[in-house]
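# Chains, contacts and geometry: an overview
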Amino acid sequence: MKYVISYKNINSTLILMGRSFVDFRKELNHLQKINWGFVDSDTQYLTHNYHPYPARFIPQIPSKLIQYLSEEGEWVFDPFCGVGTTLVEATLLGRNCIGNDLNPIGSLVSKVKSNLVSVADKPTLDSLIADVEGYFELATDTPSLIPHLSVMPEYRLPNIPNRDHWFAPNVQEELGVLLARIHMLPSQFLVDFCRVAVSAILVSVSNQDCETRYARKEKDIPIGNVYKRFISKVREMWTRMEAYQEKRQPVTSQVINDDIRTLEHFPPNLRVQLVITSPPYPNAFDYFLYHRHRMFWLGYDPIAMSRKEIGSHLNYQRKGTTQQNIAAFKNAMLLCFQGINRVLDTHRFCCFVVGDSIFKKQLVKNDQLITKVATRCGFELAINLERNIHAHRRSFSSSARRAKSEHIVILKKVEDV
Ligand SMILES: C[S@@+](CC[C@H](N)C(=O)[O-])C[C@H]1O[C@@H](n2cnc3c(N)ncnc32)[C@H](O)[C@@H]1O
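This report concerns the structure included in the present document. (Residues numbered from 1 in each chain as written. Predicted model: local features only at pLDDT ≥ 70, side-chain atom pairs only at ≥ 80, totals over all residues.)

## So, the overall build of the protein
The line we're drawing: Helix numbers and strand numbers start at the N terminus; a helix is a DSSP run of H or I with at least 4 residues, a strand a run of E with at least 2. Every C-beta atom is placed from the backbone, and the number of other C-beta atoms within 10 Å of a residue's own sets its class: buried at 20 or more, exposed at 12 or fewer, partly exposed in between. Residues are defined as contacting one another if the C-beta atoms placed from their backbone atoms lie within 7 Å.
Summing up its helical and strand segments, the protein has 16 helices and 11 strands in all. Within the span of the protein, comprising 417 residues, buried residues form 43% of the whole. Long-range pairs, those at least 24 residues apart, make up 76% of the contacts in the protein with a sequence separation of at least 6.

## Quick word on the environment of Lys228
By the secondary structure assignment, Lys228 is in helix H10 (residues 225-247). By the C-beta count within 10 Å, which is 16 here, Lys228 ends up partly exposed. Sequence spacing of Lys228 and Tyr135 is 93 residues, and the spatial spacing of their C-alpha atoms is 9.8 Å.

## Digging into the packing of helix H8 (residues 169-182) against helix H9 (residues 188-205)
Worth spelling out the cut-off: Axis angles are defined between N-to-C directions and span 0 to 180 degrees, where every axis is a line fitted to C-alpha atoms and, for a helix, only to the segment in contact. Angles are sorted into four bins: roughly parallel if under 35 degrees, roughly antiparallel if over 145, roughly perpendicular if 65 to 115, and oblique for all others. Any residue that is not Ala, Val, Leu, Ile, Met, Phe, Trp, Tyr, Cys, Pro, Asp, Glu, Lys or Arg is counted as polar, Gly included; the first ten are nonpolar and the last four charged.
In the contact formed by H8 and H9, the axes pass within 10 Å of each other and the chain directions differ by 170 degrees. Between H8 and H9, the angle falls in the class roughly antiparallel. Packed against H8, whose contacting residues are Val171, Leu175, Leu178, Leu179 and Ile182, the element H9 presents Val191, Cys194, Arg195, Val198 and Val205 at the interface. Its residues assigned to classes, the contact of H8 with H9 shows 9 nonpolar, no polar and 1 charged.

## Quick look at the pairing of strand S7 (residues 344-354)
Just so we agree on the cut-off: Note on pairing: two strands pair once DSSP finds at least 2 bridges between them.
The pairing of strand S6 (residues 272-277) with S7 spans 5 bridges and is parallel. For Leu274, the partnering residue across the bridge sits in S7 and is Phe349. Here 6 bridges tie S7 to strand S11 (residues 405-413), and the two strands are oriented antiparallel to one another. Bridge assignment links Val353 to a residue of S11, and that residue is Ile408.

## Some words on the nonpolar core
Rules: Residues of type Ala, Val, Leu, Ile, Met, Phe, Trp, Tyr and Cys that are buried and joined through C-beta atoms within 7 Å form what is called a nonpolar core. What marks off one domain from the next here is an automatic or database domain assignment.
Of all hydrophobic cores here, the largest spans 91 residues; its most connected members are Leu178 and Cys351. With 10 residues, H9 is the single largest residue contributor to this core. Three or more residues apiece are contributed to this core by two domains, here domain 1 (7-105 + 251-291 + 301-413) and domain 2 (119-245). Beyond its immediate sequence surroundings of up to four residues, Leu178 is in contact with Val132, Val198, Val226, Tyr227 and Phe230. Core analysis: the second largest hydrophobic core is formed by 9 residues, Tyr281, Phe285, Tyr287 and Met305 among them.

## Digging into the environment of Val112
Inspection of the secondary structure puts Val112 in helix H5 (residues 104-113). Residue class for Val112 comes out buried when judged on the 27 C-beta atoms lying within 10 Å of it. Distance from Val112 to Met241, taken between C-alpha atoms, is 9.5 Å for residues 129 residues apart in sequence. In contact with Val112, not counting residues within four places along its chain, are Tyr50, Asp192, Phe193 and Val196.

## A look at the packing of H8 against H10
In the contact formed by H8 and H10, the axes pass within 8 Å of each other and the chain directions differ by 45 degrees. Judged on the interaxial angle alone, H10 and H8 are oblique. Residues Val171, Glu174, Leu175 and Leu178 of H8 form the contact with H10, whose own contacting residues are Val226, Tyr227 and Phe230. Among the residues making up the contact of H8 with H10, the classes are represented as 6 nonpolar, no polar and 1 charged.

Here you go:
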């Protein structure tokens, strides 16, 4: 007989099972009393503002969930970690954490945001900044005139389709030199730290209109401006990293870069005690498109990502009827919950922060869809909290959807499947 625990029988279950799990009734009650709006809260503290990313959730949400639904030293998993909001909060609260995202930019940023650069690397970073200041003095839009290129064997421009359409010649030149110099750094983590700084400024120096609009807009970026922006960004990141270091607990943060449906690189023996995530919305964003230029410059493959991205607006537009697309999303979520079921301890929680989507004028209530799918994968609904969102405080903000509220769906794993 399968044993299903619910709140009605939790006391008897506790007696039956001794102290093998914590009774979370009190904590769930507390969660229901929280005002989840966080209208006046700072959402960009410490490393959270390293890098822009569409549809991040505000850090206060995972923070509260971690505080109430896990213990220090336990493991928290975010299967769609984006740029690591959950991971940063977990490390501040003394929980180990593991994040996964299909987007290699998201995975890179998550790793850098939730770990520390060694203080011993500061002189190396200072000397890189001094070199870049020197390039700024020499900057010109004629690549062949730049003398330092000859000492940079790694220097090359990526093979970006329509590169000249998207990047002015001086910008191409400066990005190429910068990345070549970064690759000469001796520490891989410092390389990644600096690559995140380059990635953070990349859309602003390109001719891509903005973070969530893939259209050309001439920006007339002055010569040397890439160097200038990089120096300012990396300095700011360092200051924030030092502040984070003061507060970060000595725990592990691991990041993988998989399709959640296969999760090939998840450590085979790792069990987690809490899952928190904001999944991709069906028909809302195209991360592979918005981050296309970043991926090309940093040596990743946006086309490979586009084939696996869940919820991609562009993919839904290209093929299938609305019903087929909703079914494809449900199927992706089914595989996702099966994966979560494999790694999450029984009687522990999985929290999904979701709003609604619109498919060709048809409203899809994602909280209900998620709950339905999860109950087929060994979960039961613990609570569904509605969160009113201030226009500027949406954990997801999509021009396609102007939702005034979203849901924090808290599911409990009741059995292995
Ligand atoms: C709403 S965002 C998560 C944002 C995150 N909560 C944060 O604060 O940064 C959803 C994420 O799902 C990722 N994603 C889309 N398809 C995926 C897949 N097949 N496997 C894993 N991640 C995927 C996207 O790259 C995106 O980062």
